[in-house]
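Here's the letter readout for the chains.
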Amino acid sequence: FIPQLINFVYSLPQLIGIVPCPRHRLPRYNIETKLLEPIRTNLNLVNLTLLVTGPLSEKALCELLLFVQVAACAFGLALRHAVVHYMT
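What counts, and at which threshold
- Note that residues are indexed from 1 along each chain, following the sequence as it is written.
- Reporting in this predicted model follows two pLDDT cut-offs: at least 70 for local features of residues, and 80 or more for side-chain atom pairs to be given and counted; totals over whole chains, interfaces and linings ignore these cut-offs and use all residues.
- The side-chain quantities take in all heavy atoms of the structure and omit both hydrogens and water.
- Whenever a helix is involved, its axis is fitted only over the stretch in contact; in every case the axis is a line through C-alpha atoms, and angles between N-to-C directions fall within 0 to 180 degrees.
- Segments assigned H or I by DSSP are reported as helices when at least four residues long, segments assigned E as strands when at least two residues long, and all are numbered from the N terminus.
- The contact criterion used throughout is that any non-hydrogen atoms of two residues lie within 4.5 Å.
- Three residue categories are used. Nonpolar comprises Ala, Val, Leu, Ile, Met, Phe, Trp, Tyr, Cys and Pro, charged comprises Asp, Glu, Lys and Arg, and polar comprises the others, including Gly.
- Counting of polar contacts relies on pairs of N or O atoms within 3.5 Å, with two restrictions inside protein: one atom must be capable of donating a hydrogen and the other of accepting it, and residues adjacent in sequence are counted only when both atoms are side-chain atoms.
- Accessible area is worked out with a 1.4 Å probe on protein chains only. A residue is then buried under 20% of its type maximum, exposed over 50%, and partly exposed in between.

(A) Region of the structure containing the packing of helix 1 (residues 2-15) against helix 3 (residues 58-87). Two elements in contact, helix 1 and helix 3, have axes separated by 8 Å at closest approach and are oriented at 115 degrees. Residues Ile2, Pro3 and Gln4 of helix 1 pack against Val68, Gln69, Ala72 and Phe75 of helix 3. Residues of the contact of helix 1 with helix 3, tallied by class, amount to 5 nonpolar, 2 polar and no charged.

Dropping the structure here:
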């Protein structure tokens with residue numbers, strides 16, 4: 001849920017028309033290096049991840065994004081457990 005919120009907030013300028021929104025918002029595949037490269041004008045979590053980490057293979061990018069999703073879910077569950085435990 002948290003990564004989706006981050007993606008929504010980060011891409012909001014394109015969604016409301018402040019920044020032009022390209023037809024395809026996916027990263028660019030470099031045939032020579034066989035890595036995905038970010039496109040700075042595409043405001044989404046996939047491109048933001050590539051901007052932070054640098055070019056990655058599709059597998060490495062997928063694993064990293066899955067790790068972020070799992071970590072965010074684990075954090076949410078731990079937070080919920082702590083709040084419920086605190087309130088009872």
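(B) Molecular detail of the side chain of serine 11. By the element assignment, serine 11 lies in helix 1. Here asparagine 7 takes part through its backbone oxygen, which lies 2.8 Å from a polar atom of the side chain of serine 11. Setting aside residues up to four positions removed in sequence, serine 11 forms contacts with Arg25 and Leu43.

(C) Examining unusual backbone geometry more closely. With a phi close to 60 degrees, lysine 34 is a non-glycine residue in the positive phi region. Locating lysine 34 in the fold gives a position in the loop between strand 1 (28-30) and strand 2 (35-37).

(D) A look at the environment of arginine 23. Its location among the elements puts arginine 23 in the loop between helix 1 and strand 1. Taking the C-alpha atoms as reference points, arginine 23 and asparagine 42, 19 residues apart in sequence, are found 9.8 Å from one another.

(E) Helix 2 (residues 45-53), seen in detail. Taken together, the buried positions of helix 2 are occupied by Leu45, Asn47, Thr49 and Leu50. Looking at the buried side of helix 2, the elements it contacts are helix 1, strand 2 and helix 3. Put simply, asparagine 44 is the residue that caps the front of helix 2, since its side-chain oxygen is 3.3 Å from the backbone nitrogen of valine 46. Positioned one or two residues after helix 2, glycine 54 has a phi angle of 95 degrees, which is positive.

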